[in-house]
Amino acid sequence: MKNKNLHNIKSSGFKVPNAYFDTFEKKILNNIDEAHSLNNIKSTSFKVPENYFDSIETRITERISEEVQETKVISLINKKTVIYISSIAAAILILFNLSIFDNNPSFDNLETETVENYILDENISSYEMASLFSTDQLHESDFIEHEFDEENLKEYLLNNADIEALMLE
């Protein structure tokens, strides 16, 4: 439905007689007959037993007390939920107390074999290693005064040295 010409409409299309609303209230009041007023009504169509409203309160309280039933109460905090929540809290506590989040590595925690493998795999030269140490840390006495155990020396030579090269020398 197209409403192109709605803005051109000048009248609503409804007509009311002149002075209709001025006399409307008077017409309504004149139509009310005194015979139909509430004061003239002698009986209603509803009948209530005698003394009904005197005893209604006691009858209602008796019926309510008879119908009172115990309601089922469901506790929000029971053993199952307490165990569930405490287990989650314990798991979180253990997670934060583990050393997984310890990001402070130290040389005390490193194994010697791990350091040796790193040096061998990365092909670090002795000059590069020497540049890492300061002269205060290196003393000749630290390297001279080592006493080697004879068994450890034999084991090292057997496992790591080329015996044929040593015999030829």
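Note that the coordinates shown come from a computational prediction; the quantities given were computed from them, not determined experimentally. Starting afresh in each chain, residues are numbered from 1 along the sequence in its written order. This being a predicted model, a pLDDT of at least 70 is required before a residue's local features are given, and a value of 80 or more before pairs of side-chain atoms are given or counted; all residues contribute to the totals for chains, interfaces and linings. Computation of side-chain values covers all heavy atoms of the structure but excludes hydrogens and water.

1. Describing the overall build of the protein
Put simply, DSSP marks the helices as runs of H or I at least four residues long and the strands as runs of E at least two long, and each gets a number from the N terminus on. When its secondary structure is counted, the protein shows eight helices and zero strands. When the elements of the protein are put in sequence order from the N terminus, they spell out α-α-α-α-α-α-α-α. Accessible areas in this description were obtained via Shrake-Rupley with a 1.4 Å probe; residue shielding takes into account the shown protein chains only. Accessible surface for the protein amounts to roughly 18,500 Å². Of this, 57% is attributable to carbon and sulfur atoms.

2. What about the environment of Asn78?
Residue position: Asn78 is located in the loop between helix H2 (52-67) and helix H3 (79-97). There is a polar contact of 2.9 Å between the side chain of Asn78 and the side chain of Thr81. Within 3.5 Å is the distance limit for a polar contact, defined as a pair of N or O atoms, with the added protein rule that one can donate a hydrogen and the other accept it, and that residues adjacent in sequence qualify only through two side-chain atoms.

3. Some thoughts on a nonpolar patch on the surface
Taken together, the side chains of Val16, Tyr20, Phe21, Phe24, Ile28, Leu29 and Ile32 define a hydrophobic patch exposed on the protein surface, amounting to about 700 Å² of accessible area. Structurally, Leu29 is set in helix H1 (residues 20-31). A relative accessible area of 53% means that Leu29 is categorised as exposed. A patch consists of residues whose relative accessible area exceeds 30% and which take part in no salt bridge; residues with like charges are grouped when within 9 Å of each other, and nonpolar side chains (Val, Leu, Ile, Met, Phe, Trp, Tyr) when within 5 Å. Think of a salt bridge as a Lys or Arg side-chain nitrogen and an Asp or Glu carboxyl oxygen that are within 4 Å of each other. Classification of residues uses two cut-offs on accessible area relative to the type maximum, computed with a 1.4 Å probe and protein chains only: under 20% is buried, over 50% is exposed, and between them is partly exposed.

4. Things to note about the packing of aromatic side chains
Here a pair means two rings of Phe, Tyr or Trp (six-membered ring of Trp) with centres within 6.5 Å. Their orientation is stacked below 30 degrees between planes, edge-to-face above 60, and tilted elsewhere. Inspection of every chain in the model, using the stated rule, returns three aromatic pairs. With 5.2 Å between their ring centres and 80° between their planes, Tyr20 and Phe21 make a pair best called edge-to-face. Each ring, one from Tyr52 and one from Phe53, has its centre 5.2 Å from the other, and the planes form 85°; the classification is edge-to-face. Its relative accessible area of 30% is what places Tyr52 among the partly exposed residues.

5. Concerning the pattern of salt bridges
Under the definition given, this model contains one salt bridge. Lys154 serves as the salt-bridge partner of Glu150, at 3.9 Å between the closest nitrogen and oxygen. Of the two residues, Glu150 and Lys154 both sit in helix H7 (residues 150-160), four residues apart, roughly one turn of that helix. Using a relative accessible area of 55% as the deciding quantity, one classes Glu150 as exposed.

6. Topic: unusual backbone geometry
Of note, Ala19 is a non-glycine position whose phi angle comes to about 60°, a positive value. Mapped onto the fold, Ala19 is located in the segment before H1.

7. Observations regarding the confidence of the model for the protein
Each residue carries a pLDDT value, the predictor's own confidence for that position, ranging from 0 to 100. Mean pLDDT over the protein: 77, with 83% of residues reaching 70 or higher. Mean pLDDT across the secondary structure elements of the protein bottoms out at helix H6 (residues 140-144), with 70, and peaks at H3, with 89.

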